[in-house]
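What the coordinates show
Here's the letter readout for the chains.
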Amino acid sequence: MSNSSLIQIIKNQITSSSDQQITFADYMNTVLYHPEYGYYTSKSIKIGNQGDFFTSSSLGADFGELLAIQFLEMWEILDKSSEFTLIEMGAGTGVLASDILNYIKNNYYDFYQTLNYLIIETSSELIKQQQEQLAEHHSKISWKSWEDIENNSIVGCFFSNELVDAFPVHQVIVDTKELKEIYVTLIDSENFQEKIDSLSTPELEKYFKLIDIDLLNKDYPNGYRTEVNLKALSWLETISQKLKQGYLLTIDYGYPARKYYNPQRYQGTLKCYYQHRHHDNPYINIGQQDITAHVDFTALEKHGKLCGLEKLGFTQQGLFLMALGLGDRLSSLSSGQYNLQTILSRRDALHQLLDPTGLGGFGVLVQTIGLTEQQTERTAKRISARSLTGLKQQ
Ligand SMILES: C[S@@+](CC[C@H](N)C(=O)[O-])C[C@H]1O[C@@H](n2cnc3c(N)ncnc32)[C@H](O)[C@@H]1O
């Protein structure tokens, strides 16, 4: 089932390293992002109802349409800027972009005309799918790498849905009153095994200081194991350099730090997804399965602030979408204009987007940079308490 070329590449990484071991983050980076054989870069990735996992945008156009309403409001707050750019990071099959752009084109044509839509995507296979999916909007949309985007050049909104959970994470463990790290090494010429050793970088200790969590206090049992997403911090730094004025909208599964690093969550949040089933063994189906970890929203908030990104609000997806009109969409299903089949399937999809134990419980974080005083005031006037519509609690 696993990809033998990829396994050989990881073995070479291990045997060529000075300690015959690589961090779990390096392992995860290779199995997900190796340019040829990684899960996200090869043909293995399958998103949607028949795939390894599905996302909010696999449930129909409502999710993208409601986000479009939020983007319209951002554009209005930014004085209907003629340079407004939406930058989607990690665009999957392109369905979300297509739902957003179709809705804006059909309902707010003046916004559509000014809008510039960029996609930043690592998977060349998915870029192909996105280009097919988005052919109709080819004049609006382009695919860029971070290097293509000049510093301090973007007015608009960077956004992602289920991107940050896919970044490679370090795994740390409390080992007889010391914080240590999980490494991957070889048990014999065939098989991988984990090894505990000292931290690979002081950034890991700095991370826990940033979020004010002490894994060495008495509440955490020996063997307590969890993840640290350092890549999310460098990602924030890059966005803060590129974004001159506007917003960063991050939607993902995760928790604030106190909940994430709760002493009872002693095995962390790492999960593998393969053909719609999830399990916790990252050493099988190598290159064929997704591996993810929940997002620590406190780290995004606190590190964002250090980079100049101010938190505008944090809420749950269900509440966010309700404030943008999901409730009206649900009630309109009883208006008599839809057939029974449509009513049932759409009602089910909308309920899934709201379900607090599922997609509705995802975190939504909005951060901002470079707003003028007037734009900040306008936000406050239009919507109470300096928040965007989607951030209003119902
Ligand atoms: C879980 S999928 C989510 C797809 C889509 N946002 C959706 O809602 O269906 C993660 C996406 O992020 C992309 N990706 C992963 N790491 C990335 C990175 N460092 N930069 C840009 N895209 C990345 C993947 O190739 C994939 O398109």
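Structural data are supplied above this passage.
Cut-offs and rules
- Residues numbered from 1 in each chain as written.
- Predicted model: local features only at pLDDT ≥ 70, side-chain atom pairs only at ≥ 80, totals over all residues.
- Heavy atoms only, no water.
- Helix = DSSP H or I, 4+ residues; strand = E, 2+ residues; numbered from the N terminus.
- Core = buried A, V, L, I, M, F, W, Y, C linked by side-chain atoms within 4.5 Å.
- Buried < 20%, exposed > 50% of the residue type's maximum accessible area, 1.4 Å probe, protein only.
- Contact = heavy atoms within 4.5 Å.
- Phe/Tyr/Trp six-rings, centres within 6.5 Å; stacked < 30°, edge-to-face > 60°.
- Lys NZ or Arg CZ within 6 Å of the ring centre and 35° of its normal.
- Pairing = 2+ DSSP bridges.
- Axes fitted to C-alpha atoms, helices over the stretch in contact; angles between N-to-C directions.

1. Some points on the environment of Ser5
With respect to the helices and strands, the residue Ser5 is situated in helix 1 (residues 4–16). Note: C-alpha distance between Ser5 and Asp290 (285 residues apart in sequence) is 18 Å.

2. Things to note about the nonpolar core
The nonpolar side chains of a soluble globular protein tend to be buried with one another. Residues Phe71, Tyr247 and Leu249 are the most contacted members of the largest nonpolar core, which totals 54 residues. Looking at this core, the element that brings in the most residues is helix 3 (residues 62–77), giving 9 residues. Beyond its immediate chain neighbours, meaning those up to four positions away, Phe71 contacts Phe84, Leu86, Ile100, Phe111, Cys157, Phe159 and Leu249. Grouped together as the second largest cluster of nonpolar side chains are 43 residues, Val174, Val184, Tyr207 and Ile286 included.

3. Looking at the packing of aromatic side chains
Tallied over the full model, the rule gives 21 aromatic pairs. A centroid spacing of 4.9 Å and a plane angle of 40° characterise the contact between Phe297 and Phe314, whose relative ring orientation is tilted. Taken together, the positions of Phe297 in helix 10 (residues 297–306) and Phe314 in strand 16 (residues 310–316) put the pair 17 residues apart, joining distant regions of the chain. Here a set of aromatic residues connected by ring pairs shows up, and it is made of Tyr207, Phe208, Tyr255, Tyr260 and Tyr261. The residue whose ring lies beneath Arg346 is Tyr338, and the NZ or CZ to ring-centre distance is 5.9 Å.

4. Let's talk about unusual backbone geometry
For Glu162, which is not glycine, the phi dihedral falls at a positive 55°. Along the chain, the position of Glu162 falls in the loop between strand 5 (154–161) and strand 6 (170–175). Even without a glycine there, the phi angle at Asn285 is positive, about 45°. With respect to the helices and strands, the residue Asn285 is situated in the loop between strand 13 (277–279) and strand 14 (290–292).

5. Side note on the sheet that holds strand 13
Read across the open sheet, the 3 strands follow the order 13-12-14; overall the sheet is antiparallel. Either end of the sheet is taken by a strand with one partner, and the two such strands are strand 13 and strand 14. Taking the axes of each pair of neighbouring strands and ignoring which way they run, one obtains an average angle of 25° across the sheet. Here 3 bridges tie strand 12 (residues 271–274) to strand 13, and the two strands are oriented antiparallel to one another. Of the residues in strand 13, the one forming a bridge with Tyr273 is His278.

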